[in-house]
Amino acid sequence: MRRLASGVVAAGLAMGLTAGMASGAIAQDKPAISIELNKLEPLEGSCRAYFVVRPAGATEFKEFKMELLVFDTGGVIQKWLAIDAAPLRAGKTSVKLFDVAGVSCDKIGSVLLNDVTACADTTGDLTGCVDRVTPSSKAKATFYK
């Protein structure tokens, strides 16, 4: 009986791993988008954030809206931002600028990509776009998801 139970468990694990690998392969088929927080520039009473966006593949994004949370150096949320970064042309690097009103650049410790709230290509809405994003940072503040 024990051998039968362990065989069933092993078979279940193998099926789970196979399904997991298949879903990973599907996720890898989605065009990736690298988004780099490149620079934070002080403005009077604000901070301007420069993002370098590099969509890979042949997908042109007609709609790409991000929900960002700005944290101070102590990890406390300072600002919630809804950012529209569209359009994103296929294979074309672009720079998007966004002002963070009322927050000093030297007080920004990190920026969280909380979600991609709207994402569409020329055929319509796409799902799982936050999973497509690879965040990075050259600024003093980190950028992550």
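The rules we used
Every chain is numbered on its own, with residues counted from 1 as its sequence reads. Confidence filtering applies because this is a predicted model: local features only for residues at pLDDT of at least 70, side-chain atom pairs given and counted only at 80 or more, and all residues used for totals across whole chains, interfaces and linings. Side-chain numbers here rest on the full set of heavy atoms in the structure, without hydrogens or water. Note on ring pairs: Phe, Tyr and Trp rings are taken, using the six-membered ring of Trp, and paired if centres are within 6.5 Å. Classes follow the plane angle, with under 30 degrees stacked, over 60 edge-to-face and the rest tilted. By definition, any uninterrupted DSSP run of H or I lasting at least four residues is a helix, any uninterrupted run of E lasting at least two residues is a strand, and each is numbered from the N terminus. Partly exposed describes any residue whose relative accessible area lies between the buried limit of under 20% and the exposed limit of over 50%, with all areas from a 1.4 Å probe on protein chains only and scaled to the type maximum. The definition used for a disulfide is geometric: two cysteine sulfur atoms within 2.5 Å. We call two strands paired when DSSP finds no fewer than two bridges between them. For helices, the axis comes from a line fit to the C-alpha atoms of the stretch in contact; other axes are also lines fit to C-alpha atoms, and the angle between any two N-to-C directions lies between 0 and 180 degrees.

S.K.: Got a minute to help me understand the packing of aromatic side chains in this structure?
M.R.: What describes a pair of aromatic rings is the distance from one ring centre to the other and the angle between the planes of the rings. Applying the stated criterion across every chain yields a total of three aromatic pairs. Pairing Phe-51 with Phe-98 gives two aromatic rings, centres 6.0 Å apart and planes at 55°, and the pair type is tilted. Of the two residues, Phe-51 sits in strand β2 (residues 46-55) while Phe-98 sits in strand β5 (residues 94-101), which places them 47 residues apart along the sequence. For the pair formed by Phe-51 and Phe-98, the shared burial category is buried. Both rings, one in Phe-61 and one in Phe-64, keep their centres 5.8 Å apart while their planes meet at 75°; by these two values the pair is edge-to-face.

S.K.: Sorry, what's going on with the state of the cysteines here?
M.R.: The bond known as a disulfide is covalent and runs between the sulfur atoms of two cysteines. Counting across every chain of the model gives two disulfides. The partner cysteine of Cys-47 in its disulfide is Cys-105, sulfur to sulfur 1.9 Å. The S-S bond linking Cys-47 to Cys-105 shows a torsion near 105°; that makes this disulfide right-handed. Taken together, the residues Cys-47 in strand β2 and Cys-105 in the loop between β5 and β6 (108-121) connect sequence positions 58 residues apart. Here the two residues Cys-47 and Cys-105 agree in accessibility, since each one is buried.

S.K.: Explain the sheet that holds strand β8 (residues 133-137) here, please?
M.R.: Sheets are built from strands that pair by backbone hydrogen bonding, the pairs being arranged parallel or antiparallel. Spatially, four strands are ordered β5-β2-β1-β8 in an open sheet, and the strand pairing comes out mixed. In this open sheet, the two edge strands, each paired with only one partner strand, are β5 and β8. Strand after strand, the sheet turns through a mean of 25° between neighbouring axes, direction not considered. Direction of pairing for strand β1 (residues 33-43) relative to β2: antiparallel, over a ladder of 10 bridges. Paired with Leu-37 across the two strands is Phe-51, which belongs to β2.

None of the figures reported here should be taken as evidence of function without further support.
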